[in-house]
Number of protein chains: 2
Amino acid sequence: MTSDRIFLDHGSGGRLSNELIAETMLPAFNNEILSQMEDGASLDVAGCRLAFSTDSYVVDPIFFPGGNIGDLAVHGTVNDVAMCGANPLFLSAGMIIEAGFAREDLRRIVESMAEAAENAGVQIVTGDTKVVAPGVADKIFINTAGIGLIPEGVHISASRARPGDQIIVSGPIAEHGMAVLIQREGLDFQSPLKTDSAPLNRLVNRMLAAYSDIHVLRDPTRGGVGTALNEIASQAGVGIRIREEYLPIKKSVAAVCELLGFDPLYVANEGRLIAFVDNTHAESVVSAMRQEPLGKEAEIIGEVVAEHSGKVVMETAIGGERIIDMLTGEQLPRIC
Amino acid sequence: MTSDRIFLDHGSGGRLSNELIAETMLPAFNNEILSQMEDGASLDVAGCRLAFSTDSYVVDPIFFPGGNIGDLAVHGTVNDVAMCGANPLFLSAGMIIEAGFAREDLRRIVESMAEAAENAGVQIVTGDTKVVAPGVADKIFINTAGIGLIPEGVHISASRARPGDQIIVSGPIAEHGMAVLIQREGLDFQSPLKTDSAPLNRLVNRMLAAYSDIHVLRDPTRGGVGTALNEIASQAGVGIRIREEYLPIKKSVAAVCELLGFDPLYVANEGRLIAFVDNTHAESVVSAMRQEPLGKEAEIIGEVVAEHSGKVVMETAIGGERIIDMLTGEQLPRIC
């Protein structure tokens, strides 16, 4: 059933987002690169293997514990480029600002972008600033696009997931989404949550140095780990089994998720990645990840199987099995 | 005097836009490439000379005579990449959609983007779709970023304007801005104006084939020809003299500008370019331009002089002289 209107759910990053893109964008733009539906495009330009990706950021509130829309916009695109196995080099920044916005807030956001870019080793080299009347946009929206260089011998693609691949998560999940939600709703908890927003390119470098033939990289942002695993299962035509007890999650985050009724598998992350590595090399990749601050809690959470193609099954902590579907509604609009 | 708030004028493309960028963005992002303030960045990536540019489109109304926000978003970024002397190859597309937007309108816009991309010879290879609640954005905003390849021997930069350079405009000015304004205000004129929105990359190729050492290319969008010339004069530290009688403008457009009180020198164009070429080669570049549909009304409108550095002076049709300043207010918000 398709409605004749766009709903919030179409921006969830879950099932309806995928349907909208598959129905409207892919047939019109009609090219193989876009149709691969990776986090970024892998391009050949005059013999250079480039990665190219973009994201618009509409997060609300624009300042939240551990970050703001500015560093989020840098990390998000750096990470999408890194998920192609590339070294991110250059970013663009396009801002849409609501008239009346405080210059001081803009300055803080721009400074956070600059700091995040420096920290990630990328340069913001081109940009655009639009200002619209009050009420036409909400405070500030930022788009970033990024270019990176893919090293020789690196071929990352969701389509390369193979039965036997071990599935690695780089650290505890669901922190970004819950931190933003708590700030937005003005909730007050004893142990304040912070976003996990961070640049993953150094972690990816370390992983590729340990073993260059990693099959899949994906950062589970909107839609969370559950949706990202479904996308990969579907794109590769394989089944995925994960074990709930292996899923890294901080107690404080799990408690808040339970209290507010969120499944952490569908909550957005902005500084975590999922990697698929063949079973001979997965342990050595995990060891390498644990040398990096952003990978020190990396865990193998499951594996690719030949059965139940396109489906993700979780062995629950109490010994049962549960199908993990793609996110079907919009839990948390404007989370990034 | 700087206020503590962002105003519509900061998005005009004129003086306040330049001040905001110079005060807030350049010091924070602090790199030589951005500080050149060209239409796009020229980058060296593993020996490839790339051009990279971005723009966000917030035009109101989203459908206007001769185009819509979709093809405008493709042409605008294709042109910014072409203004680096590059062949545009790949675009990203980031959409921010207001919940409740009609799917049919989205389909029309996406199809226009696809058609414009095919017509310009570029591929839309990566994208992002956000949906926000009603009232958080106005209908749809689109960001595009673009990558192109700069041929060997081509070095385009505003800083290369030299006394003696002839200044070429590729066709009649002020059409896009007036077409959008008339549609927005629901005005009704006998001879309907259409946007000039078009991809300029083939015209640039033709120009560079005629003479590869073109000094400056700029597409006079927000802020119009008057602002673009001021930016170039200021960046190169040269003076500019133009002659009003040489400025190509359609009678219908001139009449509407006069009636509504707009100076065509400050009205946005989306399918016109300005080129600076040394006086030995300017005529042959103009001849080459006239072979292309988008350049058949190309004219030399003036020249670079050693006097009045940073200033643009126009000899008026009645024989006087007038200083053409940078656009100082916002004439037409949301024109692109």
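Residues numbered from 1 in each chain as written. Chains lettered and ligands numbered in written order. Predicted model: local features only at pLDDT ≥ 70, side-chain atom pairs only at ≥ 80, totals over all residues. Heavy atoms only, no water.

### Observations concerning the interface of chain B and chain A
Working step 1: With 78 residues of chain B at the interface, the matching set in chain A holds 78 residues.
Working step 2: Taken together, the two surfaces of chain B and chain A that pack against each other cover about 6,600 Å², and 70% of this comes from carbon and sulfur.
Working step 3: Our count for the contact surface shared by chain B and chain A stands at 6 salt bridges.
Working step 4: Measuring nitrogen to oxygen at the nearest pair gives 2.8 Å for the salt bridge that ties R103 of chain B to E23 of chain A.
Working step 5: With 10 residues, the single largest contributor to the side of chain B that touches chain A is strand β6 (residues 123-132) of chain B.
Working step 6: Among the residues making up the side of chain B that touches chain A, the classes are represented as 44 nonpolar, 20 polar and 14 charged. (Contact = heavy atoms within 4.5 Å. Buried area = accessible area lost by both parts, 1.4 Å probe. Salt bridge = Lys/Arg side-chain N within 4 Å of Asp/Glu carboxyl O. Helix = DSSP H or I, 4+ residues; strand = E, 2+ residues; numbered from the N terminus. Nonpolar A, V, L, I, M, F, W, Y, C, P; charged D, E, K, R; others polar.)

### Quick look at the packing of helix α6 (residues 201-210) of chain A against helix α9 (residues 282-289) of chain A
Residues and elements named next belong to chain A.
Working step 1: Where α6 contacts α9, the axes come no closer than 9 Å and their chain directions differ by 140°. The interaxial crossing formed by α6 with α9 has right-handed handedness. Along the contact surface, α6 presents L203, R206, M207 and A210, while α9 presents S284, V285, A288 and M289.
Working step 2: The residue makeup of the contact of α6 with α9, split by class, is 6 nonpolar, 1 polar and 1 charged. (Axes fitted to C-alpha atoms, helices over the stretch in contact; angles between N-to-C directions. Left-handed = near helix turned anticlockwise from the far one by under 90°.)

### Overview of a nonpolar patch on the surface
Working step 1: A contiguous nonpolar patch, built from L187, L259 and L260 of chain A and spanning about 260 Å² of accessible area, is present on the exposed surface.
Working step 2: Using a relative accessible area of 31% as the deciding quantity, one classes L260 of chain A as partly exposed. (Patch = residues over 30% accessible without salt bridge, like charges linked within 9 Å, V, L, I, M, F, W, Y side chains within 5 Å. Areas by Shrake-Rupley, 256 points an atom, 1.4 Å probe, with all protein chains shown as cover. Buried < 20%, exposed > 50% of the residue type's maximum accessible area, 1.4 Å probe, protein only.)

### A word on the nonpolar core
One recurring pattern in soluble globular proteins is that nonpolar side chains are buried together.
Working step 1: In terms of nonpolar packing, the biggest core is built from 77 residues, with L106, I140, M178, L229 and F276 of chain A touching the most fellow members.
Working step 2: At 8 residues, the largest contribution of residues to this core is made by helix α4 (residues 103-120) of chain A.
Working step 3: Here M178 of chain A is in contact with L193, V253, V256, C257, L260, F262 and V267 of chain A, once residues within four sequence places are set aside.
Working step 4: Listed in part, the 76 residues of the second largest apolar core include A114, I182, I232 and A268 of chain B. (Core = buried A, V, L, I, M, F, W, Y, C linked by side-chain atoms within 4.5 Å.)

### Examining the packing of aromatic side chains
Working step 1: Throughout the structure, instances matching the rule amount to 2 aromatic pairs over all chains.
Working step 2: The cationic tip of R108 of chain A hangs over the ring face of F63 of chain A; the distance from NZ or CZ to the ring centre is 3.9 Å. (Phe/Tyr/Trp six-rings, centres within 6.5 Å; stacked < 30°, edge-to-face > 60°. Lys NZ or Arg CZ within 6 Å of the ring centre and 35° of its normal.)

### Details of the relation of the copies chain B and chain A
Working step 1: Note on the identical chains: chain B maps onto chain A by a rotation of 180° and an axial translation of 0.0 Å, with an RMSD of 0.0 Å. Both copies are brought into coincidence by an operation consistent with a two-fold rotation axis. Among all residues of chain B, the one whose C-alpha sits closest to the rotation axis is A137 of chain B, at a distance of 2.2 Å.
Working step 2: Both copies share a contact surface, since 100% of the interface residues of chain B are interface residues in chain A too. (Least-squares fit on C-alpha atoms with pLDDT ≥ 70 in both.)

### As for α4 of chain A
All names here are of chain A.
Working step 1: Taking 1.5 Å per residue as the helical rise, α4 with its 18 residues ought to reach 26 Å, and the 25 Å between its terminal C-alpha atoms agrees with that figure.
Working step 2: Listed in full, the buried residues belonging to α4 are R103, L106, I109, V110, S112, M113, A114, A116, A117 and A120.
Working step 3: Phi turns positive, to about 75°, at G121, one or two residues after α4. (Expected span 1.5 Å × (residues − 1).)

### Observations regarding the pairing of strand β11 (residues 274-277) of chain B
Residue and element names in this part refer to chain B.
Working step 1: Residues I274 and F276 point to one face of β11 and A275 and V277 to the other, with burial holding for every one of them.
Working step 2: As judged from the 4 bridges shared by strand β8 (residues 166-169) and β11, these two strands associate in the antiparallel manner. Residue pairing across strands places I168 opposite A275, the latter belonging to β11.
Working step 3: Here strand β9 (residues 216-218) runs beside β11; their pairing, made up of 3 bridges, is antiparallel. Each bridged residue has a counterpart across the sheet, and for V216 the counterpart in β11 is F276. (Pairing = 2+ DSSP bridges.)

### Regarding the side chain of E38 of chain A
Residues and elements named next belong to chain A.
Working step 1: Mapped onto the elements of the fold, E38 is located in the loop between α2 (32-35) and β1 (41-45).
Working step 2: A polar side-chain atom of E38 sits 2.9 Å from the main-chain amide nitrogen of A158.
Working step 3: Polar contacts involving the side chain of E38 include one to the side chain of R218, which spans 3.5 Å.
Working step 4: Among all residues touching E38, those that are not within four sequence positions of it are S157, A158, S159, R218 and Q235. (Polar contact = N/O pair within 3.5 Å; in protein donor to acceptor, adjacent residues only side chain to side chain.)

### Looking at the state of the cysteines
Working step 1: As enumerated under the stated definition, the model contains 1 disulfide over all chains in all.
Working step 2: Bridging C48 of chain A to C48 of chain B, the disulfide has an S-S length of 2.3 Å. The sign of the S-S torsion, about 105°, decides the handedness of the disulfide formed by C48 of chain A and C48 of chain B: right-handed. Here the residue C48 of chain A occupies a position in strand β2 (residues 48-57), and C48 of chain B occupies one in strand β2 (residues 48-57), the pair thus bridging two chains.
Working step 3: Overall, C48 of chain A belongs to the buried group, its relative accessible area being 6%.
Working step 4: C257 of chain B takes part in no disulfide bond, and the closest cysteine sulfur, belonging to C336 of chain B, lies 16 Å away. (Disulfide = S-S within 2.5 Å.)

### Some words on the sheet that holds β2 of chain B
Residue and element names in this part refer to chain B.
Working step 1: Pairing within the open sheet is mixed, and its 5 strands lie in the order β1-β2-β7-β5-β6. Of all the strands in the sheet, just β1 (41-45) and β6 have a single pairing partner and so form its edges. Neighbour-to-neighbour, the strand axes of this sheet turn through a mean angle of 20°, independent of strand direction.
Working step 2: When β1 meets β2, the two strands line up antiparallel, connected through 5 bridges.

### Things to note about unusual backbone geometry
Working step 1: Of note, the amide linkage connecting D60 of chain A to P61 of chain A takes the cis form, showing an omega dihedral of 0°.
Working step 2: Topologically, P61 of chain A is positioned in the loop between β2 and β3 (63-64).
Working step 3: Of note, A174 of chain B is a non-glycine position whose phi angle comes to about 80°, a positive value.
Working step 4: Mapped onto the secondary structure, A174 of chain B falls in the loop between β8 and α5 (175-185).
Working step 5: Since its relative accessible area comes to 0%, A174 of chain B is described here as buried.
Working step 6: The phi dihedral of H308 of chain B falls on the positive side, at around 30°, and the residue is not glycine.
Working step 7: Summarising the element assignment, H308 of chain B is placed in the loop between β12 (299-305) and β13 (312-315).
Working step 8: Given the relative accessible area of 26%, H308 of chain B is considered partly exposed.

### Quick look at the sheet that holds strand β13 (residues 312-315) of chain A
Pairing between the strands of a sheet is mediated by backbone hydrogen bonds and can be parallel or antiparallel.
Residue and element names in this part refer to chain A.
Working step 1: Strand order in the open sheet made by the 7 strands is β9-β11-β8-β12-β10-β13-β14, with mixed pairing throughout. Since the sheet does not close on itself, it has two edges, and those belong to β9 (216-218) and β14 (321-324), each with one partner. Along the sheet, successive strands turn relative to each other by an average axial angle of 25°, direction set aside.
Working step 2: Packing of α9 onto the sheet brings it into contact with β8 (166-169), β11 (274-277) and β12 (299-305), and relative to β8 it is tilted by some 10°.

### Looking at helix α1 (residues 15-29) of chain B
Working step 1: When the terminal C-alpha atoms of α1 of chain B are compared, their 20 Å separation across 15 residues agrees well with the 21 Å that a helix rising 1.5 Å per residue should span.
Working step 2: The largest bend along α1 of chain B measures about 35° and falls at A22 of chain B.
Working step 3: Residues of α1 of chain B that are buried include every one of S17, N18, L20, T24, M25, L26 and F29 of chain B, and no others.
Working step 4: Against β5 (87-98), α4 and β6 (123-132) of chain A together with α2 (32-35) and α7 (224-236) of chain B lie the buried residues of α1 of chain B.
Working step 5: At the C-terminal side of α1 of chain B, N30 of chain B shows a positive phi close to 45°. (Bend = angle between axes of the 7 residues up to and from the residue.)

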